[in-house]
Amino acid sequence: MAKDFETVASTPYQKPLWNYNLGRNLGNGGAFLPIDGSLNVALGTNLPTGTLLYVNLSNRQAYAVKNALVLAGGTTSAPRVDKRHLFVANDVVFVSGAAVTITSIDSSNSAYDVFTLSGACAGAIAGSYLEYGVAAGADPVVKYKPNIVLQERVLDVQGGERLSCTAWILEDVNTSKFPFVISPLRLADLNATGRYLMF
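Below or above, wherever it landed, is the structure these notes cover. (Residues numbered from 1 in each chain as written. Predicted model: local features only at pLDDT ≥ 70, side-chain atom pairs only at ≥ 80, totals over all residues. Heavy atoms only, no water.)

Quick word on helix α1 (residues 184–191)
What counts, and what does not: Think of it in three bands: residues with accessible area under 20% of the maximum for their type are buried, residues over 50% are exposed, and the middle band is partly exposed, with areas taken using a 1.4 Å probe on protein chains only. Secondary structure counts use DSSP, requiring at least four H or I residues in a row for a helix and at least two E residues in a row for a strand, with both numbered from the N terminus. The arc in question is the one spanned by the directions pointing from the helix axis to the C-beta atoms. By definition, residues are in contact when any of their heavy atoms lie within 4.5 Å.
Taken residue by residue, α1 has R186, L187, D189 and L190 as its buried positions. Viewed end-on, α1 has its buried residues packed into an arc of 155°, placing them on one side of the element. What points out from α1, more than 90 degrees from its buried face, is the exposed set P184 and L185. In the core, the buried residues of α1 are packed alongside β3 (52–56), β5 (67–71), β10 (129–133), β11 (148–150) and β15 (197–198).

Shown next as C-alpha cells:
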C-alpha cells in the first residue's frame, strides 16, 4: 500500500547560550519549583534555558528572577515594556522611587506589552529596567536576586517540577541571547556569586 509522506520544516539550529562542557550542575538533586503557593510565574509558563533563578539552598526551592525593559511610547503609570519578561498581574515593580503594583498587562500588541500600574512609577522611562519588588511603597527591596541559571527548559509549569541548573560556568557569557531581559543590577548580583562572569 502506498504511504503518504509529509515534508516538515526542521527546527532552526540554536547556538548554545554557553559551552555546556564548561558548566557545572547544581548537585544534590538540583532544585524544585515550589508547590506551597509561592510559585511566582503563571501556570502554563515555559521557562527556557538561561532563565535566571533564585534558589534557596536550604530547601532547594527555586523562584524566577524578573526584570522588564521599558520602551518608548508609554507613561510612568502605563509603561510599554519589552515582551521578554515574566511579570504577571499583582507583581510589584519599581525603578528609582516607590514600588507600585501591576494591576493588568495588555499583551495584544506584537511589539510590546503595556503594564497598567497602581500609580506612577518614578524613573520608568525608555531604557530603564523595572525591578521586582517585595511590596508596594517607599524604600522598595528587590524580591529575588539571581544565584543560579536554569540549564534545561521546563515546559507548561505547574509547580513542583525538578530543575536542572548550572551553578558554575567557567567562561565569559554574553547574555544578549538569553530568553528574558536582565537588568545590569541583577547581572551584577549573579556575577557577585563568583561562579559566573556574564556581560
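Examining the packing of aromatic side chains
Test applied: For Phe, Tyr and Trp, rings pair up if their centres lie within 6.5 Å, where Trp contributes its six-membered ring, and each pair is then called stacked (planes under 30 degrees apart), edge-to-face (over 60) or tilted (otherwise). Remark: a charge is flagged as sitting over a ring if the NZ atom of Lys or the CZ atom of Arg is within 6 Å of the ring centre and within 35 degrees of the ring normal.
Counted according to the given criterion, the structure contains 7 aromatic pairs. Seen in terms of ring centroids, W18 and F178 are 6.1 Å apart; in terms of plane orientation they differ by 40°. Their pairing is tilted. Of this pair, W18 sits in the segment before β1 (23–25) while F178 is found in the loop between β14 (172–173) and α1, placing the two residues 160 residues apart along the sequence. A relative accessible area of 2% places F178 in the buried class. Aromatic pair F87 and Y132: ring centres 5.8 Å apart, planes at 85°, arrangement edge-to-face. Separated by 45 residues along the polypeptide, F87 in the loop between β6 (80–81) and β7 (92–94) and Y132 in strand β10 bring together distant segments of the chain. Residue F87 shares its accessibility class with Y132, and that shared class is buried. Grouped by ring-pair contacts, the aromatic residues Y54, Y63, F87, F115, Y132 and Y144 constitute a single cluster. Geometry around Y132 places K66 over its ring, the cationic atom sitting 4.9 Å from the centre.

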